[in-house]
Each structure stands twice: as C-alpha cells, then as structure tokens.
Amino acid sequence: MTIGKSPDRENAPSSAELPGAAEHATDAPSIGRVLSVARIDAGLTVDQVSTATRVRVPIVHAIEEDDFARCGGDFYARGHIRAIARAVGVDGEALVARYDAAHGGAPAGKRPTQLIDSGPIKVPGRGRPNWTAAMVAAIFAVVALIGFNLVSGKTGGSTTGSASAPLPSGSGTGSVAPATSPSVQPPAPAPSAAAIAAAPADKVTVKLVAEKDTSWVSALDGSGKSLFQNNIEEGQDQTFTDPKQIKLVIGNAGAVHVYVNGKDLGPAGKNGQVVHVTYTPGDPQAG
C-alpha cells in the first residue's frame, strides 16, 4: 500500500510575481500561488476542490489569483483559505497568518462578544411590558384547565365499580391476554468485511463506505482505466475489484471507512484530508 502526493509540476514564481506576500517574505510565493500549486500536485481540479470544500468554483479561481474581494469580507476569506488548504494538503493557519499580515491583521478578540451582547431588544413606542395581554392569556389557560377537568370527571364517572380502562376480552376462562407491544424494527447491520469476504483470493477487492459525511472519490484499475469519479454521499458505499491493483484518491478521508480483501482498515484518514492510496491482492500485509 502506497500513500503520497505526485511530484511538483510547476516551479515557484519569482518575487516580482507575488503581490499577496507579506513584507517580511517577499521572496515567497503568494497565497493563491501556494494553493494552486498544491492543488495541481494533489492531482485535483478546481471543480473537485469546490466539491470537497463547498466553496464555489469562481471563488476558488479568484483565490488562486490572489483576488479576495469575491470572498465577501475578511472573515469569509479566512474560512475559504483554511478549507482549500485542508483539501489540497497545505498548512491553512500559516496562509491565514500571511493573509492577516497583508490585510491589516487578525480581527479584534472582543468583536464576537460585542455583536452578541447588544442589550435587550426594545419595541419602538412601548416602554413597559404588556401586562394586560399576559393576564388574558393566564385567564384563558385557567378556564381551559377547569373545562378539561370537568369533561374528564364526567367521562371517568359514567362507569361505576369498573376500572378506568376496559379489560381485553378473553376466552371465558377469566385470563387476561397480555398487551401487544408496538413492533420495533431491528437496526440495520453495520457495514462489515463480511460483505466482501467472498472476493477471489487472486484479486484485490476494496469497499468504501461513507459513514460520517460526503467525500469525493476517484478509483482507477490496474490498467489506469477510471472505475469511478464522483461523490459518495453519507450512508452510500462503492466496491471495486481488479486482478492487479485499485488506485484511489479520497477527498475527505475521515468520512470514508475502508475494507480491503475482507479486512477492516478503519477510516481512510482525517477529516478534510486528501489521501492517495493503492491496494493490491496482497494487502493488507498485516492484520
């Protein structure tokens, strides 16, 4: 089993091409350049990154061009940078720090408190609570309660010397039939390796189950032919078989549970992590 990223495909630009870099790192590639190169190295398209992060395609393009105006503000720009960085496998916090350095610093720590603690809401033109409405509501509640008790008393007192609930009819022997409990549907069985335990020993069989969230998945067979390229929604699964190997790219590894040749390998990785992995008929080597 091999996990890793493809080699670099583009050289880093010169310092003259870096309008988004901080003053103390003018010779480093810009934020958009870092994300673009990392995406290409991960073998992902802009559409695939948009699907994995739920950031719209035009905004992904704009961020890769260091145009953050389309993000809708610094708060959303930081969130988009973190999400895209996580999808392509780079340090999002470091890029956010560079963004803050280039756009006036991080937001003030007390700003959320000021937004939330804005004081009581006042209705224009009314300085006092509407006690009249509260009293009317209380009177209606008391009247409704008295009426309910009167109706319940008449219904319960119409039968003398009998229990409040009628006994079920029996066969004449005086025995009481047991109450029938509502039918309960048994829970659906959890995914397990048994579903692929019968796979041929001379082939590799891989089953992916989306347990916690949606993940984009690409699967290639031993000849490089595409077997699957799409999202696996939560609760769905896909199974792939080939005589040589199955090569996978999983866009949200923490959401996908992996079974290989009848063995439970657990989650493919961490939430938001992009994983490249290849399985052969001999995998897993242990367990």
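Everything quoted here is computed from the prediction, not taken from an experiment.

Calculation rules
Counting restarts for each chain: residues are numbered from 1 in the order of the written sequence. Residues qualify for local features only when their pLDDT is at least 70, as the model is predicted, and side-chain atom pairs are given and counted only at 80 or more; totals for whole chains, interfaces and linings, by contrast, use all residues. Computation of side-chain values covers all heavy atoms of the structure but excludes hydrogens and water. Buried Ala, Val, Leu, Ile, Met, Phe, Trp, Tyr and Cys residues form a nonpolar core when they are joined through side-chain atoms within 4.5 Å. Burial here depends on accessible area, computed with a 1.4 Å probe over protein chains only, as a share of the maximum for the residue type. Under 20% is buried, over 50% is exposed, and the range in between is partly exposed. Starting at the N terminus, helices and strands are each numbered in turn, a helix being any DSSP run of H or I of at least four residues and a strand any DSSP run of E of at least two. Any two residues having at least one pair of non-hydrogen atoms within 4.5 Å are treated as being in contact. Strand pairing is assigned whenever DSSP identifies at least 2 bridges connecting the two strands. Axis angles are defined between N-to-C directions and span 0 to 180 degrees, where every axis is a line fitted to C-alpha atoms and, for a helix, only to the segment in contact. The score called pLDDT rates the predictor's confidence residue by residue, from a low of 0 to a high of 100. Any angle that is under 35 degrees is reported as roughly parallel, and any over 145 degrees as roughly antiparallel; angles of 65 to 115 degrees are reported as roughly perpendicular and all others as oblique. For a crossing to be left-handed, the near helix must be turned anticlockwise from the far one by less than a right angle; the clockwise case is right-handed. In this classification, the charged set is Asp, Glu, Lys and Arg, the nonpolar set is Ala, Val, Leu, Ile, Met, Phe, Trp, Tyr, Cys and Pro, and all remaining amino acids, among them Gly, are polar.

S.K.: Run through the nonpolar core, naming residues and quoting values.
M.R.: Considering soluble globular proteins, one finds that nonpolar side chains tend to be buried as a cluster. The biggest cluster of nonpolar side chains holds 24 residues, and the ones touching the most others in it are Ile31, Leu35, Leu44, Ile63, Phe68 and Ile81. Listing elements by their share of this core, those giving two or more residues are α1 (31-41), α2 (46-53), α3 (57-64), α4 (74-88) and α5 (92-102). Ranked by residue count, the leading element in this core is α4, at five residues. Excluding residues within four positions of it along the chain, phenylalanine 68 makes contact with Ile31, Ile63, Ile81, Tyr99 and His103. Leu208, Phe228, Val256 and Tyr279 belong to the second largest nonpolar core, which has 19 residues in total.

S.K.: Can you break down the sheet that holds strand β5 (residues 237-242) residue by residue, with the values?
M.R.: Sheets are built from strands paired through backbone hydrogen bonds, the pairs being either parallel or antiparallel. Taken in spatial order, the four strands line up as β5-β2-β7-β8 in an open sheet, and their pairing is antiparallel. Taken across any chain shown, the strands that pair with only one partner, and hence form the sheet edges, are β5 and β8 (263-267). Between one strand axis and the next, the sheet turns by 15° as a mean value, whatever way the strands run.

S.K.: If you had to explain the side chain of glutamine 48 to someone new, which residues and values would you point to?
M.R.: Considering the arrangement of structural elements, one finds glutamine 48 in helix α2. Glutamine 48 sits in the buried class, given a relative accessible area of 13%. Aside from chain neighbours lying at most four places away, what touches glutamine 48 is Gly43 and Trp216.

S.K.: Lay out the confidence of the model for the protein in plain terms, naming residues and giving numbers.
M.R.: With 64% of its residues at a pLDDT of at least 70, the protein reaches an overall mean of 75. In this model residues 1-25 is a low-confidence stretch, pLDDT under 50, and it forms 42 contacts with partners more than four residues away in sequence or in other chains. Scored below 50 in pLDDT, residues 109-125 shows zero contacts in the model against residues more than four places distant or in partner chains.

S.K.: With reference to specific residues and values, describe α2.
M.R.: Every buried residue of α2 is accounted for by Val46, Gln48, Val49, Ser50 and Thr53. Residues of α2 that are buried make contact with α1, α3, α4 and β3 (215-220). Count one or two residues on from α2 and you reach arginine 54, which has phi positive near 60°.

S.K.: Can you tell me about unusual backbone geometry, naming the residues and giving the values?
M.R.: Backbone geometry at aspartate 66 places phi at a positive 60°, although glycine is not the residue there. Checked against the element boundaries, aspartate 66 lands in the loop between α3 and α4. A positive phi angle, near 50°, is found at asparagine 261, a position not held by glycine. Inspection of the secondary structure assignment puts asparagine 261 in the loop between β7 (256-260) and β8.

S.K.: Can you explain the packing of α1 against α4? Please cite residues and give values.
M.R.: One can describe the packing of α1 onto α4 by two numbers: an axis separation of 9 Å at closest approach and a directional angle of 30°. The pairing of α1 with α4 is recorded here as roughly parallel in orientation. For the pair α1 and α4, the crossing hand works out as left-handed. Counted together, Ile31, Leu35, Ala38 and Arg39 of α1 and Ile81, Ile84, Ala85 and Val88 of α4 form the full contact between these two elements. Considered class by class, the residues forming the contact of α1 with α4 number seven nonpolar, no polar and one charged.

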